[in-house]
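An overview of the molecular structure
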Amino acid sequence: MRQFPTAAFALALSGSAALAMSNDAVMVTDQDVSSGVVTADKITADANGWLVVHRTDTQMKPGPVIGYAPLKAGDNMDVSAILQEEVKSGEMLMLMVHGEAGGMKTGVFEYTLGAKEDGPVRVDDKLVMTVISAK
């Protein structure tokens with residue numbers, strides 16, 4: 001059984017403290033995606049959801065979705081998403097955590113750009129994401 005220090009456990013019970021204590025993170029490095037796959041080394045998610053691959057550029061705004069993979073709550077190691085479009089060397093990809101909330105079907109990725117279904121996870125009003133350059 002996992003044990004929590006008393007103070008941390010008490011903080012985890014309050015909604016705002018739980019949000020502030022979120023461990024959501026995406027760890028990934030620049031990589032060769034010529035095989036049509038991008039892989040995150042580690043993703044930590046507070047709930048089941050999705051690793052979503054968006055196109056992006058120097059403005060760092062999420063663009064079209066070009067790949068996704070399911071995530072389980074907790075640590076996810078070596079998460080690979082098959083890319084649905086060709087990505088050339090030098091192009092930028094945003095790997096982002098999306099939730100499973102708001103959709104009509106559990107386990108089916110339903111997000112489209114700007115929709116609320118299976119939308120992006122935010123912590124302290126910031127997207128949980130990392131941007132890489134394809135090699």
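Residues numbered from 1 in each chain as written. Predicted model: local features only at pLDDT ≥ 70, side-chain atom pairs only at ≥ 80, totals over all residues. Heavy atoms only, no water.

Quick look at unusual backbone geometry
- For Met 60, which is not a glycine, the phi torsion comes out positive at approximately 60°.
- Relative to the elements of secondary structure, Met 60 occurs in the loop between β3 (49–56) and β4 (65–71).
- Its relative accessible area of 39% is what places Met 60 among the partly exposed residues.
- Residues other than glycine seldom take positive phi values, yet Asp 118 does so here, at roughly 50°. (Helix = DSSP H or I, 4+ residues; strand = E, 2+ residues; numbered from the N terminus. Buried < 20%, exposed > 50% of the residue type's maximum accessible area, 1.4 Å probe, protein only.)

Digging into the sheet that holds strand β1 (residues 25–27)
- Taken together, 3 strands build an open sheet; the order of strands is β1-β2-β5 and the sheet is antiparallel. Whereas interior strands pair on both sides, the edge strands pair on one side only; in this sheet they are β1 and β5 (74–82). Across the sheet, the mean angle from the axis of one strand to that of its neighbour is 30°, orientation sign disregarded. (Pairing = 2+ DSSP bridges. Axes fitted to C-alpha atoms, helices over the stretch in contact; angles between N-to-C directions.)

A short note on the sheet that holds β4
- On the basis of which strands lie adjacent, the open sheet formed by 4 strands has the order β4-β3-β6-β9 and antiparallel pairing. Strands at the two margins of the open sheet, each flanked by one partner only, are β4 and β9 (129–133). On average, each strand axis in the sheet is tilted by 25° relative to the strand beside it, whichever way the strands run.
- As defined by bridge partners, β3 adjoins strand β6 (residues 92–99) across 8 bridges and the pair is classed as antiparallel. Along β6, the bridge assignment pairs His 54 with Met 94.

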